[in-house]
Structure formats: structure tokens, C-alpha cells
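Listed here are the chains, written in short residue letters.
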Amino acid sequence: MATADASDDPDGEYDPDEFPVPALEARAQRCAARLREADRVLVASHIDADGLTSAAVAAAALERAGVPFESLFSKQLDADDLDRIAATDHDTVLFTDFGSGQLDLIARHEERGAFTPVIADHHQPADADGRSPSASGTESRPVDTEFHLNPLLEGVDGASELSGAGATYLLARALEADGTDNRDLAALAVVGAVGDMQDGEDGLSGANERLVADGVAAGALEAETDLALYGRQTRPLPKLLQYASEARIPGISDDEAGSVEFLSGLDVPMRDDDGDWRRWVDLTGDERQTVASALIRRAVASGVPAERVDGLVGTTYVLADEEPGTELRDVSEFSTLLNATARYERADVGLAVCLGDRDEALARARTLLRNHRRNLSEGLQWVKNEGVTTEEHLQWFDAGTRIRETIVGIVAGMAVGAAGVSRSKPIVAFADAGDGEVKVSARGSGHLVRSGLDLSAVMREASRAVGGDGGGHDVAAGATIPEGEREVFLAAADEAVGEQVK
Ligand code: C5P
Ligand code: C5P
Ligand code: ZN
């Protein structure tokens, strides 16, 4: 999908007075005006890194605008959650990083006067019958609400160009009163975008680039060309290389002894004066250059394909005000830290960290992070051991209770490319969700999307066919279905993917 407005052209000069994404300015202004009118606002947000940063951006902007608010978080904003929200005495509810996919349910509450919804989201909107606009066959009844800020409504790609936190950031800019500058909040929005995997090798693109420019201009963000491996701030050097599953360099990736040996052969000390491992951030510029060049030479010599070698270096983002060597300094590591809180029912901890708590909340978040890392690695190992089942158009595994339903999608994404897991078919993962329900997570690739894949429509239609519900993005989507419906759901999803991908 292309951007609708030529003025979104990322090559354009940076103009601090121009609204960052002009195509969305009118919607942002309308939403902001409604929020300014409210006596107080209930901010409801999603339980992942993008949802948390959305809530934090909204909190900071509302506070600066003098609008009182409360926050709540939800796993999926289903009918029960909306009933609970409607039962509070809030007249104005700001939904961030979800809401568009539940427009049908939200509109019903609005119609009976329960609350006025304001939505800042990037998920595919549902129509009045809950169908995706792209659903084939039956005529869909469009439904919309007056205060709806979503890039997809203006031809901006919600899967790769603007996240929930990005949409909320635009709202924050529209909420600025005279003398307020909310551009510092772009740094959090970038954490949200990267948490939603919107960055490619060259970093963020499209509308997101304007956010980066704002963050840089505000002094909150720095964009750098650097080694594109996860863990530059906190991982000991050998671990940085060993865990570089993105690169898969023979004798280094997944190989602790090999990584240590590789580093020992370079003129770069691996340990500091106290005998502790050094991290990437501890290296001088020259030392980084030495390691990166040697790594590239080794990759080329081992026959790693050119595009994966190119991928070793890329655009990375750091938060300028954060302490070097902490999880908060690097946007990717920050987003993992946030996922470690909200996906474990501790969104309060992640939100406090986003809003500046560097004491108790950060310590708690770090403990949760160790647990999250262990769960991801055990989950991935389980999938590798069990393998996936391949259907005509997709592949799947059912983790039952072995993987927590809130992280099964992350594990599914990590499993792609492992032995026995193909990159050429979408992966669908199941996990028990309790209460007679099963969580489904689906992940595709940019390549499959360009061939026609829309997992949001697949998840929505296949789940509705068995009495469940779902949605999301073309490249990543999810659903909840009743227990015992896995086979029927899979058959419907397999068929739907087959119809899309040509
Ligand atoms: O609900 P939300 O939009 O925040 O989540 C988006 C999800 O899609 C994230 O879990 C993210 O990792 C996933 N995603 C992906 N591959 C992409 C883009 C997004 O797995 N290319
Ligand atoms: O939960 P998971 O990480 O698999 O979600 C992938 C994407 O699908 C997210 O953007 C999430 O918000 C969306 N989703 C949805 N409806 C569901 C489940 C997931 O819109 N029932
Ligand atoms: Zn999101």
C-alpha cells in the first residue's frame, strides 16, 4: 500500500511546523477537540509493547493538556471487556492500539449512549456485521464513528507505516496547546512501532519516518547505522553473536564456544578490567568496526547469502536520554521489556517505566523480563522439538498449555525459519486460553502479503465461522475460538489462505 499524500514523502525536508502525517491531521484534530471537551477520559489500551507505549503517549499528552484520565488494559477488547467499560461512569473512552477491529461492538454502546468512543488504532476496521472490509462475497455494511484515527482509513499502511503508538502520537501532537511541544513523545511511539515489528533493514519507513524525524529534532531519539543484532546494550559480546539467530552464521550462531573463539581471534578485549564480559556499547567505534568487519568476512566466507550479510548492518534507534547499557536505551530491548510486563498481567509496571519510573517499576520489570526470556526460549525449544504440521496452504502447531497464550504469537514468529518450519507458508499457532477458549496466532511475511495474503481477514472469517472472533493486520493476526473447533477452523483458514495467495 502506498502513502496517500505526496507530502508524506520521507525525502522531504523536515519542517517542524508541518503536521507529521498530513493525511491524518484532520482526524487527529477532530479526536483531540473531543478529548479537550471531556471532564475526564478513560484510556483503554492493548497489553503489548505498542499498547503500553500508546497508553503512555496518551497519558503524557492528556496530562500536559490538563485533561484528567484513568488507564486500563485489556488482552483483546472483547464483548465482556466493552460491557465492563460501558458500566463505568466514564462518558469519554479513548481506545488506543485496538478499537478499530471492534467498531461494530463499540458502535452499539455508543448508540445507546454508554460513552463516546475516540479511537487511535492501526488494526483493520470491522464493519457493522464484524466482517473485514476485504471479506469476499457478501455485501458489508460500513460502520464508523466520528472520532476515529487510523492510518488505514487514509491509505497509509497500518502494518508497516504507523503503529497504535504512532497513531496516538499524532493525537498527542493535535492535543498540543500553545507552548506545549509533544515531539519528545515520538521516542515512545518508535518503541511501539519497533515492538510491532514495523522496522526493516533500513529502519522505519513511510509515516514512521516522520515520527523518527520529530524524535530526533526533539533530542529524544538517535538513529544510527550499526550492527543489527538484538542485545547491543545488555548482552555480553559472545552472547550477542551466539543468539544472532537473524544472521545464522555457521560456527557462530547458536554456538557459544564458536562465538568466543571468533572474538578471541580479534584484537578486541572481550573482558573489562574487572574481568566482566564487555557488551557492544562498551566497545569504541574502532573496536565495533573491527568486530563488524570480521563478522561480515566470516559470513561471506561461510556462504551466507548476500541479503543476510547485508542485513548484519542496518538502521537502529536509541533513546537519547536513557542510560547506555540499559534495556531502555535501545528501542528493541525496551519493547521486549514492555512485553515482559503487560503480557504477564503487569501492564501497570510497564506503563510506570514508560512514564519515567526508574526505581521500583524498573526493578520489577527486569525481574519479569528474566521470566519472559525463559518462557520464550522454552517455548521455542518446544516448537522445534515437536515440529509443525503442514497443510496445503499453511502450517500449524498446537501448544496446548505448554506456551502461554499471550506469547504464543511471538514464539510462532520466532519459529519461522527454524529447521522444519517453512518461510513460504503462514504459521498458525494454538494455545489454551482457559474458560473453554483457544487462542490462535498467525504470522506471515512481507513476501506472502505481496502475493495476496491477508491474515486479518483469514482470522476474522475462519473464527467467526466457528463462533469465535479475530482480526489484526495482513502480516500478523489472531483470534479466539471455542475449544473443540480447531479442525473446522483450520480447514476454513487453509481454504481462505489458498484463495488469497496466488
Ligand atoms: O496488536 P498489535 O498491532 O500491537 O500487534 C502486532 C503484532 O504483529 C505484533 O505481535 C508483531 O510482532 C506482529 N508482527 C509480525 N510481523 C510483522 C509485523 C507485525 O509478526 N511484519
Ligand atoms: O495475539 P497476537 O500477537 O497473535 O496478535 C496478532 C495481531 O492480531 C495483533 O495485532 C492483535 O491485536 C490482533 N488480534 C486481533 N483479534 C484477536 C487476536 C489478535 O485483532 N482476537
Ligand atoms: Zn499495535
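Residues numbered from 1 in each chain as written. Chains lettered and ligands numbered in written order. Predicted model: local features only at pLDDT ≥ 70, side-chain atom pairs only at ≥ 80, totals over all residues. Heavy atoms only, no water.

Student: I keep staring at the site of ligand 2 and nothing clicks. Help me out?
Tutor: Close to ligand 2 lie 15 residues; His123, Lys439, Ser441, Arg443 and Gly471 are nearest. Between Gln76 and ligand 2, the recorded distance is 3.3 Å, taken from a side-chain N or O atom to a nitrogen atom. With respect to ligand 2, the side chain of Lys439 contributes an N or O atom lying 2.5 Å from an oxygen atom. For ligand 2, the accessible surface in isolation is 450 Å², of which the surrounding protein chains cover 88%. Residue composition of the shell around ligand 2, grouped by class: 3 nonpolar, 9 polar and 3 charged. (Near = heavy atom within 4 Å. Polar contact = N/O pair within 3.5 Å; in protein donor to acceptor, adjacent residues only side chain to side chain. Areas by Shrake-Rupley, 256 points an atom, 1.4 Å probe, with all protein chains shown as cover. Nonpolar A, V, L, I, M, F, W, Y, C, P; charged D, E, K, R; others polar.)

Student: Is there a simple way to think about the packing of aromatic side chains in this case?
Tutor: Scanning all chains against the criterion turns up 4 aromatic pairs. Relative to Phe115, the ring of Phe95 lies with its centre 5.9 Å away and its plane at 55 degrees, an arrangement referred to as tilted. Here Phe95, found in strand S3 (residues 92-96), pairs with Phe115, found in the loop between helix H4 (103-111) and strand S4 (116-120); they are 20 residues apart in sequence, far enough to count as distant. Across the pair, exposure class does not vary: Phe95 and Phe115 are buried alike. Here Trp396 and Phe430 contribute two aromatic rings whose centre-to-centre distance is 6.1 Å and whose plane-to-plane angle is 85 degrees, an arrangement assigned as edge-to-face. In this pair, Trp396 sits in strand S9 (residues 395-398) while Phe430 sits in strand S10 (residues 427-434), placing the two residues 34 residues apart along the sequence. Positioned above the aromatic ring of Trp277, the side-chain terminus of Arg271 is 3.9 Å from the ring centre. (Phe/Tyr/Trp six-rings, centres within 6.5 Å; stacked < 30°, edge-to-face > 60°. Helix = DSSP H or I, 4+ residues; strand = E, 2+ residues; numbered from the N terminus. Buried < 20%, exposed > 50% of the residue type's maximum accessible area, 1.4 Å probe, protein only. Lys NZ or Arg CZ within 6 Å of the ring centre and 35° of its normal.)

Student: Help me out: how do you make sense of the site of ligand 1 in this one?
Tutor: Ligand 1 sits among His46, Asp48, Asp50, Asp97, His122, His123, Asp196, Met197, Arg443, His473, Val475 and Ala476. With respect to ligand 1, the side chain of Arg443 contributes an N or O atom lying 3.2 Å from an oxygen atom. When ligand 1 is considered free in solution it has 470 Å² of accessible area, and contact with the protein chains removes 84% of it. Across the shell around ligand 1, the residue classes break down as 3 nonpolar, 4 polar and 5 charged. When we break the shell around ligand 1 down by domain, the ones giving at least three residues each are domain 1 (22-217) and domain 3 (387-500). (Domains from an automatic or database assignment.)

Student: Could you clarify how one ought to interpret the sheet that holds strand S1 (residues 41-46) in this entry?
Tutor: Whenever strands of a sheet pair, they do so through backbone hydrogen bonds, lying parallel or antiparallel. Strand order in this open sheet of 5 strands is S2-S1-S3-S4-S5, and the pairing throughout is parallel. If you trace the sheet from one side to the other, it starts and ends with strand S2 (69-74) and strand S5 (148-149), each paired once. As paired elements, S1 and S2 share 6 bridges and run parallel to each other. Note that in S2 the partner of Ser45 across the bridge is Phe73. Across the sheet, helix H2 (residues 49-64) touches S1, S2 and S3, and the angle it forms with S1 is around 160 degrees. Strands in contact with helix H3 (residues 79-87) are S1, S2 and S3; relative to S3, the strand with the most contacts, it is inclined by about 145 degrees. (Pairing = 2+ DSSP bridges. Contact = heavy atoms within 4.5 Å. Axes fitted to C-alpha atoms, helices over the stretch in contact; angles between N-to-C directions.)

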